[in-house]
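What the coordinates show
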Amino acid sequence: MTYLSNKNIVLCVTGSIAAYKSVYLASLIVKEGANLRVIMTESAKEFVGESSFSGITHNEVITGYYEGKTELSIDHVSIAKEADLIVVAPATANSIAKIALGISSEPIVGTILASKAPVIVAPAMDGDMFNSKQVQSNIKILHDLDMIISGPEKGRLASGINEYGRMTEPDKLLEEINKIFSKKKDFENIRAIVTAGATIESIDPVRFISNWSSGKMGIAIAEALRDRGAKVTFVHGRMDENSINGVKKIPVLSAIEMKDQILKEIDNNDLIIMSAAVADYRVKQKFEQKIKKEKLSSIDLEKNPDILAEIDNKKIVKVGFAAESENLIENAKKKLSSKDCNLIVANDITLEGSGFGSDNNKATLVHKEGCDDLPLMKKSELAHKILDRTIEYID
Ligand code: PMT
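Okay, so let's go over this structure. Since the model is a prediction, treat every value here as computed from it, not as a measurement.

**Side note on empty space enclosed by the protein**
Counted by the stated rule, this structure contains 1 cavity of 30 Å³ or more. Space inside the largest cavity adds up to approximately 40 Å³. As for the largest cavity, its lining consists of Asn8, Ile9, Val10, Asn35, Arg37, Ile79, Glu82 and Ala83. For the lining of the largest cavity, the secondary structure elements donating two or more residues are β1 (8-13), β2 (35-40) and α3 (75-82). Classifying every residue of the lining of the largest cavity gives 4 nonpolar, 2 polar and 2 charged.

**As for a nonpolar patch on the surface**
Together, Trp212, Ile349 and Phe356 give the surface a local cluster of nonpolar side chains, amounting to about 360 Å² of exposed area. If you trace the backbone, Ile349 turns up in the loop between β17 (343-348) and β18 (360-361).

**Let's talk about the sheet that holds strand β13 (residues 271-274)**
If you walk across this open sheet you meet the 8 strands as β12-β11-β8-β13-β16-β17-β19-β20, and the pairing is mixed. Each edge of the open sheet is held by one strand with a lone partner, namely β12 (248-251) and β20 (370-373). If you compare each strand with its neighbour and ignore which way they point, the axes differ by 15 degrees on average. Packed on one face of the sheet, helix α13 (residues 379-390) meets β13, β16 (317-324), β17, β19 (363-367) and β20 and runs near 15 degrees to β19.

**Some points on the sheet that holds β2**
The strands making up a sheet associate through backbone hydrogen bonding, with each pair oriented either parallel or antiparallel. Reading across from one edge, β2-β1-β3-β4-β5 is the order of the 5 strands in this open sheet, with parallel pairing throughout. Across the chains shown, the open sheet's two edge strands, defined by having one partner strand only, are β2 and β5 (148-149). As defined by bridge partners, strand β4 (residues 119-123) adjoins β5 across 2 bridges and the pair is classed as parallel. Within the sheet, the bridge partner assigned to Ile120 lies in β5 and is Ile148. Here helix α1 (residues 19-31) sits on the sheet in contact with β1, β2 and β3 (85-91), set at roughly 175 degrees to β1. Those strands touched by helix α2 (residues 50-57) are β1 and β2, and its axis lies near 170 degrees from that of β2.

**Thoughts on the pattern of salt bridges**
Within the structure shown, the criterion is met by 25 salt bridges. For Glu265, the salt bridge goes to Lys248, with nearest N and O atoms at 3.3 Å. Here Glu265, found in helix α10 (residues 255-265), pairs with Lys248, found in strand β12; they are 17 residues apart in sequence, far enough to count as distant. We classify Glu265 as buried; its relative accessible area is 14%. Residue classification places Lys248 among the partly exposed positions, given a relative accessible area of 25%. Here Lys334 makes a salt bridge to Glu330, at a shortest N to O gap of 3.9 Å. Residue Lys334 and its partner Glu330 are both found in helix α12 (residues 328-338); the two are separated by 4 residues, about one turn of the helix. One salt-bridge network, in which partners are shared between bridges, spans Glu369, Asp372, Arg389 and Glu392.

**Let's talk about the site of the ligand**
As a matter of local geometry, the ligand sits amid 27 residues, with Ser213, Ser214, Lys335, Asn347 and Gly357 nearest to it. Within the contact set of the ligand, an oxygen atom lies 2.6 Å away from a backbone nitrogen or oxygen of Gly357. Here the ligand loses 96% of its free accessible area of 770 Å² to cover by the protein chains. For the shell around the ligand, the elements supplying multiple residues, two or more each, are α9 (216-227), α11 (307-310) and β16. Considering each element in turn, the shell around the ligand owes the most residues, 4 residues, to β16. Its residues placed into classes, the shell around the ligand shows 12 nonpolar, 9 polar and 6 charged.

**With respect to α3**
Within α3 the residues assigned to the buried category are Asp75, His76, Ser78, Ile79 and Ala80. Against the buried residues of α3 lie β1, β2 and α5 (107-113).

**Details of the side chain of Lys318**
On the secondary structure map, Lys318 appears in strand β16. One buried charged residue, Lys318, remains without a salt bridge, the closest side chain of opposite sign being Asp340 at 4.9 Å. A polar atom in the side chain of Lys318 sits 2.8 Å from the backbone oxygen of Lys339. Among residues more than four places away in sequence, those in contact with Lys318 are Ile272, Leu308, Ala309, Ile311, Lys339, Asp340, Cys341, Asn342 and Leu343.

**Let's talk about the pairing of β13**
By the alternation rule, side chains of β13 split into Leu271 and Ile273 and Ile272 and Met274, which are all buried. Two elements, strand β8 (residues 191-196) and β13, share 4 bridges in a ladder whose sense is parallel. Of the residues in β13, the one forming a bridge with Val194 is Ile273. By the bridge criterion, 4 bridges tie β13 to β16 in an arrangement that is parallel. Note that in β16 the partner of Leu271 across the bridge is Val317.

**Things to note about the nonpolar core**
Among the nonpolar cores identified, the biggest contains 35 residues, and Phe187, Ile221, Leu225, Phe234, Leu271, Ile273 and Ile386 are the most heavily contacted of them. Secondary-structure elements contributing two or more residues to this core are β8, α9, β11 (231-236), β13, β16, β17, β19 and α13. Examining the composition of this core, we find that 7 residues originate from one element, α9, more than from any other. Setting aside chain neighbours within four positions, we find Ile273 in contact with Ile193, Val194, Thr195, Ile221, Leu225, Val319, Phe321 and Leu387. In terms of nonpolar packing, the next biggest core, distinct from the first, is built from 30 residues, Ala26, Ala122, Ala124 and Ile180 among them.

Reading the values: the criteria
Residues numbered from 1 in each chain as written. Predicted model: local features only at pLDDT ≥ 70, side-chain atom pairs only at ≥ 80, totals over all residues. Heavy atoms only, no water. 1 Å grid on protein atoms, 1.4 Å probe; cavity = no way out; pocket = protein on both sides within 12 Å on 5 of 7 lines; lining within 4 Å. Points joined across faces, edges and corners; volume = space filled by probe spheres on them. Helix = DSSP H or I, 4+ residues; strand = E, 2+ residues; numbered from the N terminus. Nonpolar A, V, L, I, M, F, W, Y, C, P; charged D, E, K, R; others polar. Patch = residues over 30% accessible without salt bridge, like charges linked within 9 Å, V, L, I, M, F, W, Y side chains within 5 Å. Areas by Shrake-Rupley, 256 points an atom, 1.4 Å probe, with all protein chains shown as cover. Salt bridge = Lys/Arg side-chain N within 4 Å of Asp/Glu carboxyl O. Pairing = 2+ DSSP bridges. Axes fitted to C-alpha atoms, helices over the stretch in contact; angles between N-to-C directions. Contact = heavy atoms within 4.5 Å. Buried < 20%, exposed > 50% of the residue type's maximum accessible area, 1.4 Å probe, protein only. Near = heavy atom within 4 Å. Polar contact = N/O pair within 3.5 Å; in protein donor to acceptor, adjacent residues only side chain to side chain. Lys, Arg positive; Asp, Glu negative; His and termini not counted. Core = buried A, V, L, I, M, F, W, Y, C linked by side-chain atoms within 4.5 Å.

As structure tokens, this is what we get:
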């Protein structure tokens with residue numbers, strides 16, 4: 001038995017050059033034991049043939065509203081009611097717009113509208129198209145409709161440029177599909193903000209103050225929350241990679257911007273986990289022009305707000321981190337009370353292979369009832385340990 005055994009999965013293929021990847025995705029899903037129905041748009045047929053999918057799935061492919069290929073013969077309704085999951089891959093700008101607005105001129109949107117199953121959308125298009133205001137606002141609508149957006153990934157696009165626009169690779173999509181059926185959903189109906197990465201405090205147009213946070217710890221927490229059913233808003237500073245899917249991303253630069261975005265969102269949330277490395281100070285007078293090196297002898301700083309401490313909504317569960325190089329537990333306990341947190345994840349950043357930039361982290365969970373000392377482990381594993389403790393504070 002696999003997680004996909006006997007699951008009814010619908011694969012919606014739209015007209016992108018990436019449609020060839022969907023043939024492999026179909027094969028991967030069928031090999032896992034799922035019953036796969038494929039729906040294609042007319043333009044998808046310009047890139048791949050129906051018979052590739054019917055050969056792999058042993059099911060007739062739906063391409064129009066009036067084909068009567070299911071028992072009920074109203075194909076989109078019949079397929080929608082049985083579906084455990086709908087995957088739109090590749091999803092073009094056109095299909096994303098139609099899904100966002102519910103324009104059901106062809107059976108893919110009709111099926112999505114008639115179904116209560118979770119939907120994964122894997123965009124594939126030119127990088128500038130994906131970044132356009134229209135596509136981004138439609139993607140936001142899909143997020144708000146609780147759909148999972150997978151990718152797009154960065155790589156060489158059909159136009160020859162190297163940008164975000166490639167459809168998520170089939171193996172990775174299969175992983176995401178498996179996660180939907182495999183994880184415990186103890187954070188279902190929970191809305192959470194996760195912060196990650198490093199804030200940037202500009203000195204002038206070329207220089208800034210920052211730190212070595214890669215964003216990996218925050219990404220691991222946001223993914224764990226997403227997989228356990230939470231709706232995640234991911235507020236992030238500069239990160240080494242930006243590969244997370246299925247969350248609402250809000251990029252920021254400075255600590256002040258991070259604070260403003262968090263305060264805008266906080267009352268719609270139940271939980272905040274702050275793994276971002278926030279600069280404690282910013283430059284007092286930011287220079288509009290590059291400072292000549294002869295004049296750059298010292299910089300005046302002023303204190304940044306303590307974001308966690310300023311969140312005073314008692315309904316919000318607050319989890320902070322403490323990045324310490326000495327007196328780990330003592331300092332973490334001070335932060336637990338000064339920032340009024342439910343939990344502090346204390347990490348000793350002097351340990352080799354742990355903390356900033358590493359794939360692993362060694363932490364102690366510090367809370368009012370005591371301390372749980374954890375061994376060095378993958379950040380993805382630590383993220384789940386943090387959530388196992390955090391869930392106890394959520395009503
Ligand atoms: O990103 P990675 O490379 O994966 O590295 C992970 C990490 C080491 C950055 C992470 O595990 C970590 O320790 N993050 C917190 C870093 C930090 O800023 O620690 P701090 O002890 O200075 O701050 C304590 C807490 O207050 C943190 O939750 C921080 O987000 C928050 N804070 C800090 C300053 C500030 N002005 N406002 C805040 O809210």
